[in-house]
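What follows is the residue order along each chain.
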Amino acid sequence: MKIKFCGAAQSVTGSCHMIEFDGGNILIDCGMRQGADTKIMAEGVFPFDPAQITALLITHAHIDHTGLVPLLVKRGFTGPAYCTGATASLCGIMLADSGHIQEQEAEYQTRKNLRAGKPPVEPLYTVADAELACKQLVPAAYGKLVDICPGVRARFSDVGHLLGSAAIELWVTEGEKTVRVAFSGDIGRSDRPIINDPHSVAAADYVVMESTYGDRNHEVTTDAQKQAQFVQVLREAIARGGNIVIPSFAVGRTQELLYYIKRMLMAGTVPGLDRIPVYVDSPLAGKATQIYQSCAAENYDEEAKSMFRDGDLLDFPLLHITETAQESKLINAQPGCNIIISSSGMCDAGRIRHHLKHNLYRADSTVLFVGYQAVGTLGRLLLDGIKKVKLFGEQVIVNANIVQMEGFSGHAGRDELIAWLKGIPQKPAKVFLVHGEKDVIQGFGAAVRSLGYSVEVPELLEEFDLVSGAMRQSALAPAPQSAQTAQAGDLLANLAQLMQLASAAAGERAGELAADIDALLKKWEA
């Protein structure tokens, strides 16, 4: 009986863990690697045979936890995939959307290849593959024991990260021995709108725990603080007179924004807000909002349930959810002040880039960021003060007011992670830390050890024997890197980010950036 770490080991995305025992193989999550993590393993490669997986359990619907489920099915997985009902509903739209993106990217690359005399590219999976995979989803209620297969039982507990998100407890029996393993999934935060606060699991021999924000705490923590900050930003933006453009992730973040706006309208805390149209310009966000509205009974907290009983939680008179590209284009022709919520959240793709093109040059406009902006993304460049950006082949000057609101993250900070772990009444025999950048996860590991816990930070494809307690490297694991090779890899990654910044720079910033690069090169040479 052992656990193998097939993804998100010393990296942030690509969640995938496998329990192997004499009765079969149980997979917990099957996520897509994103950003820099795509270089860890070739896209579409599984370190196991999908046809040999007995069952899949899913913690929540985010693509870094579910994005390879359609490929798993395509490659031969035929068993059940257990998750909460809300997660199943969200997977139905998110995996189809991911399949559409795979098709688009393959079509684009195929056109380039054909012009260069190269063979066409097949998508990783299609919309049809995603729809087929969703037929294998089996809804499971919070708090109920579920028989997964002979020798394995599971229980899903609300972990407050996303609608339907769960920590999963597994009881695995082999011979006379039963071991209880808990998988945290992504741990949410207390005092968030709509969904319940995170719950710890009742007990566990071993815990596999995320550590994404293990190196920091959020400055804005309470619901009241977030609402007060949002109220102030909207008052100032409305006074400017122009559009308020909010880049936002379609699932989770957009629904939180609508909830806060609805509460402001009910309380009258933002003068004039009742006269301002609010546009949700994302078909995926529109579908997700409908799912949020249909999942109140099992997933809403008490305040949200109370609001829901008094009327539609996420609807108000001037809310418009746009579907077509033509509807999207008409938004920027509307006069006066409008609130435009659109994806993607980091401005690297999607309809948000069109709205930025039409609003960044306007001094009366506000661009409001409500989430983390990764280095090299357009969102990060705007927050860092870039003066011009290139959108759809056109240079656009940045005159809009750029604002960031802290506190909307759905991930627990360091102290919140520790509180979740401490919520397990008896210390587990071992805590495995996953889902974090290497430096972050090592630092968080030291903090957890200082509290008396036994901690392991597994490498990709390492295996841990749940009976003997031995950790060993899988035969399929990549050869370990030398320190020099690892440093060279880090250097190349930093250089790639630098090239992204340089290509995005324009006009008056170009000379300044060139001087910075020259100084940096001299340091490297020394």
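In this text the structure is predicted, and so the values were computed from the model without any measurement.

(A) Structural detail: the environment of Ser454. Tracing the sequence through the fold places Ser454 in the loop between α14 (438-449) and β21 (455-456). With relative accessibility at 29%, the residue Ser454 sits in the partly exposed group. Sequence separation between Ser454 and Val431 is 23 residues; the distance between their C-alpha atoms is 6.2 Å. Excluding its chain neighbours within four sequence positions, the residues that come into contact with Ser454 are Ala429, Lys430 and Val431. Side chain to side chain, Ser454 and Lys430 meet in a polar contact 2.8 Å long.

(B) Layout of the side chain of Gln102. Checked against the element boundaries, Gln102 lands in helix α3 (residues 85-115). Overall, Gln102 belongs to the buried group, its relative accessible area being 8%. With residues up to four places along the chain from it excluded, the contact list for Gln102 reads Met32, Pro123, Leu124 and Tyr125.

(C) Structural context of the packing of aromatic side chains. Summed over all chains, the structure comprises ten aromatic pairs. Plain terms: the ring middles of Tyr300 and Phe308 are 5.8 Å apart, the flat faces sit at 90° to each other, and that makes the pair edge-to-face. Of the aromatic side chains, those joined through ring pairs into one cluster are Phe5, Tyr206, Phe432 and Phe464. Taking NZ or CZ as reference, Lys226 lies 5.9 Å from the ring centre of Phe408, over its face. A cation over a ring is seen here: Lys427 above Tyr453, with NZ or CZ 4.9 Å from the ring centre.

(D) Focus on the environment of His435. Mapping His435 onto the fold places it in the loop between β20 (430-434) and α14. Classification of His435 by relative accessible area gives buried; the value is 2%. Taking C-alpha positions, His435 is 9.1 Å from Gly185, a pair spaced 250 residues apart along the chain. In terms of polar contacts, His435 uses its side chain to reach the side chain of Ser15, at 3.2 Å.

(E) Representation of the pattern of salt bridges in the model. Enumeration according to the criterion identifies 21 salt bridges in this entry. Two residues, Arg216 and Asp215, come together in a salt bridge whose shortest N-O distance is 2.8 Å. Residue classification places Arg216 among the partly exposed positions, given a relative accessible area of 33%. Of the charged contacts in the structure, one is a salt bridge between Arg472 and Glu463, with a shortest N-O distance of 2.8 Å. With a relative accessible area of 5%, Glu463 lands in the buried category. Where salt bridges share partners, they join Lys2, Lys4, Glu463 and Arg472 into one cluster.

(F) Geometry of the sheet that holds strand β13 (residues 278-281). Pairing in this open sheet of six strands is parallel, and the strands run β14-β13-β15-β12-β16-β19 from one edge to the other. In the strand order of this sheet, the two ends are held by β14 (319-322) and β19 (401-404), each with one partner. Each adjacent strand pair in this sheet contributes to an overall mean axis angle of 20°, direction not counted. As judged from the four bridges shared by β13 and strand β15 (residues 339-342), these two strands associate in the parallel manner.

(G) Molecular detail of the packing of helix α6 (residues 253-267) against helix α9 (residues 302-309). It is at 13 Å that the axes of α6 and α9 come closest, and there the two elements cross at 60°. Compared by their axis directions, α6 and α9 come out oblique. α9 is crossed by α6, and the crossing has left-handed handedness. Listed contacts from α9 to Tyr259, Lys262, Arg263 and Met266 of α6 are Glu303, Ala304 and Met307.

(H) Broad picture of the confidence of the model for the chain. Per-residue pLDDT for the chain has a mean of 89; in total, 89% of the residues score no lower than 70. Across residues 477-490, where pLDDT falls below 50, the model places four contacts with residues more than four positions away in sequence or in other chains.

(I) Broad picture of the nonpolar core. Core analysis: the biggest nonpolar cluster contains 80 residues, and Leu27, Phe48, Leu56, Leu90, Leu163, Phe230 and Ile339 have the highest contact counts within it. By residue number, the principal contributor to this core is α3, which donates seven residues. Excluding its chain neighbours within four sequence positions, the residues that come into contact with Leu27 are Cys16, His17, Met18, Phe48, Ile53, Ala55, Leu56, Leu57 and Leu72. Formed by 35 residues, the second largest nonpolar core is a distinct cluster that contains Ala55, Val146, Ala154 and Phe156.

(J) How the structure looks around the pairing of strand β11 (residues 206-210). Counting buried positions over the five residues of β11 gives five, a clear majority of the element. Relative to β11, strand β10 (residues 177-183) is paired through three bridges, and the arrangement is parallel. Paired with Phe183 across the bridge in β11 is Val208.

(K) Structural context of helix α7 (residues 283-294). Its twelve residues place the ends of α7 17 Å apart at the C-alpha level, agreeing with the 16 Å of an ideal helix rising 1.5 Å per residue. When we look at burial in α7, the residues that qualify are Leu284, Ala285, Gly286, Ala288, Thr289, Ile291 and Tyr292. In this structure, the buried side of α7 is in contact with α3, α6, β13, α8 (296-299) and β14.

(L) The sheet that holds strand β8 (residues 152-158), seen in detail. Taken in spatial order, the seven strands line up as β7-β8-β9-β10-β11-β20-β21 in an open sheet, and their pairing is mixed. Of all strands in the sheet, those bounded by a partner on one side alone are β7 (146-149) and β21. Two strands pair when backbone bridges link them, and β8 and strand β9 (residues 166-174) are joined in this way by seven bridges, in the antiparallel orientation. Bridge pairing links Phe156 to Ile168 in β9. Its contacts with the sheet put helix α13 (residues 414-422) on β9, β11 and β20, and the angle it makes with β11 is roughly 160°. Sheet strands touched by α14: β11, β20 and β21. Its angle to β20, the strand with the most contacts, is close to 160°.

Cut-offs applied
Residues numbered from 1 in each chain as written. Predicted model: local features only at pLDDT ≥ 70, side-chain atom pairs only at ≥ 80, totals over all residues. Heavy atoms only, no water. Helix = DSSP H or I, 4+ residues; strand = E, 2+ residues; numbered from the N terminus. Buried < 20%, exposed > 50% of the residue type's maximum accessible area, 1.4 Å probe, protein only. Contact = heavy atoms within 4.5 Å. Polar contact = N/O pair within 3.5 Å; in protein donor to acceptor, adjacent residues only side chain to side chain. Phe/Tyr/Trp six-rings, centres within 6.5 Å; stacked < 30°, edge-to-face > 60°. Lys NZ or Arg CZ within 6 Å of the ring centre and 35° of its normal. Salt bridge = Lys/Arg side-chain N within 4 Å of Asp/Glu carboxyl O. Pairing = 2+ DSSP bridges. Axes fitted to C-alpha atoms, helices over the stretch in contact; angles between N-to-C directions. Parallel < 35°, antiparallel > 145°, perpendicular 65-115°, else oblique. Left-handed = near helix turned anticlockwise from the far one by under 90°. pLDDT = per-residue confidence, 0-100. Core = buried A, V, L, I, M, F, W, Y, C linked by side-chain atoms within 4.5 Å. Expected span 1.5 Å × (residues − 1).

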